[in-house]
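Residues per chain are reported as follows:
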Amino acid sequence: MPPALRPLLWASAVAGGSLSYASTAWLLSGLTPSPLMNAMLPALSSVPALFALPRQRSGYLLKVVAVLLLLLASFGIPGRSPWWVLLAAVLLALGERISALPMQQTLLRGSDLSVNQLRSSGDLGQWIGTVLTGVLFPLGRALAQYLNALVLLLPLLLVSLRAGPGSEAGMPEESIRPELAKRSRPHQDQLHAASLGQGMLFGGLFAMIALWVRQLGSGNCFDFGMVLSAYLLGRAWRRLFVGLAPPSRYGLMAALLIATQFVPGWGAVALFLPLGGLAAASDQGLAESIDAEDKAMGWDRLERSGGVGGLAGSLGMGLLAQVAGLSYALPVQVGGFGLAVLCSLRRPRSPGGSVRVADSRDARG
């Protein structure tokens, strides 16, 4: 395989997954106005990341099957029930969790391509997927979105079918990342409190984005796609905000969310650019505060804690909006960022604030 083709294949696959997920959020918001049902999409999609699943390239096929199921669901086959859409979303997330690392290792093997270059290609692909979500909808609605997602996913599927068996197939996550196992910390299996809280904030925010755009903003899928694209593009600006203290970052995020209610049209979309940059800077700051010596360990713990927080935040916000009404979700979200300001003012600079949780290994004894 030509070296120059490898980052393009990865970008294409990530774009296909991003297009599928964003299109599914919009499809679900049209099938049901229930905030709780819409919040279950990010919640259920984050569940596979909480478990140590076997990693193998064959899991990539699940992503293709999920998009095919979503394509059928967009036609009302086997029915207009949102549960079929949620089932497909779980399959999509499961396929991503199982296959992402082995597929990256396949692309890196025998080439001078670095992990950072591959991640940069993935970031570009994710942004392209959100742009296509908005651009394709006026051309053919969900049909155009999911057909193009399949086209973007297929090249890497062919690579996974042609590639020989890898040493990583069927091995647990700990075997794939020996550097984490060798450098284990006493708090490795604990949730980081600040990362957990931030995950709840962002989980609650993005659980309601599609409904906010559709119902409160009277927008369409193009508007929704541009909001997500602006946020992802803004994450590349994190260096502009890394010098800010955590209270300032959370305070600015709250102010930007309030401003979206008063700035019309494209101005409100543009506010998601600095919001993305602030979020990315906050991620980096938390990861470095967790473990300054081993940044890989810090990011690993941040992602796990943020995943658990996102699960709780999305379901919590969905339940609140279901009971009190969608219009109350944004004030509560802004209040959550205000609470984060107060908590970060009291947070010690040294790593700490861990919460012990029992995972599947603890349960087995």
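This text goes with the structure placed above it.
About the criteria used
Residues numbered from 1 in each chain as written. Predicted model: local features only at pLDDT ≥ 70, side-chain atom pairs only at ≥ 80, totals over all residues. Heavy atoms only, no water. 1 Å grid on protein atoms, 1.4 Å probe; cavity = no way out; pocket = protein on both sides within 12 Å on 5 of 7 lines; lining within 4 Å. Points joined across faces, edges and corners; volume = space filled by probe spheres on them. Helix = DSSP H or I, 4+ residues; strand = E, 2+ residues; numbered from the N terminus. Core = buried A, V, L, I, M, F, W, Y, C linked by side-chain atoms within 4.5 Å. Buried < 20%, exposed > 50% of the residue type's maximum accessible area, 1.4 Å probe, protein only. Contact = heavy atoms within 4.5 Å. Phe/Tyr/Trp six-rings, centres within 6.5 Å; stacked < 30°, edge-to-face > 60°. Lys NZ or Arg CZ within 6 Å of the ring centre and 35° of its normal.

A. Representation of empty space enclosed by the protein in the model. Across all of its chains, the model carries one cavity of 30 Å³ or more by this definition. In this model, the largest cavity occupies a volume close to 30 Å³. What lines the largest cavity is Trp-10, Ala-13, Val-14, Tyr-60, Lys-63, Glu-96, Ser-99 and Ala-100. When contributions to the lining of the largest cavity are tallied by element, the ones reaching two or more residues are helix H1 (5-31), helix H3 (60-74) and helix H4 (82-108).

B. Spotlight on unusual backbone geometry. Not every positive phi belongs to a glycine, and Arg-141 is a case in point at roughly 50 degrees. Looking at the secondary structure, you find Arg-141 in helix H5 (residues 115-162). In this structure, Ser-218 takes a positive phi of about 50 degrees despite not being glycine. Note that Ser-218 resides in the loop between helix H9 (209-216) and helix H10 (221-234).

C. Fine view of the nonpolar core. If you look at the biggest cluster of nonpolar residues, it comprises 88 residues, and the most contacted ones within it are Leu-156 and Phe-224. Excluding anything up to four places from it in sequence, Leu-156 contacts Leu-9, Trp-10, Ala-13, Tyr-60, Met-103 and Leu-107.

D. Up close: the packing of aromatic side chains. Scanning all chains against the criterion turns up four aromatic pairs. Taken together, a centroid distance of 5.7 Å and an interplanar angle of 25 degrees make the contact between Trp-26 and Phe-224 stacked. Of this pair, Trp-26 sits in helix H1 while Phe-224 sits in helix H10, placing them 198 residues apart in sequence. Like Phe-224, Trp-26 is buried. Taking NZ or CZ as reference, Arg-214 lies 4.0 Å from the ring centre of Trp-26, over its face.

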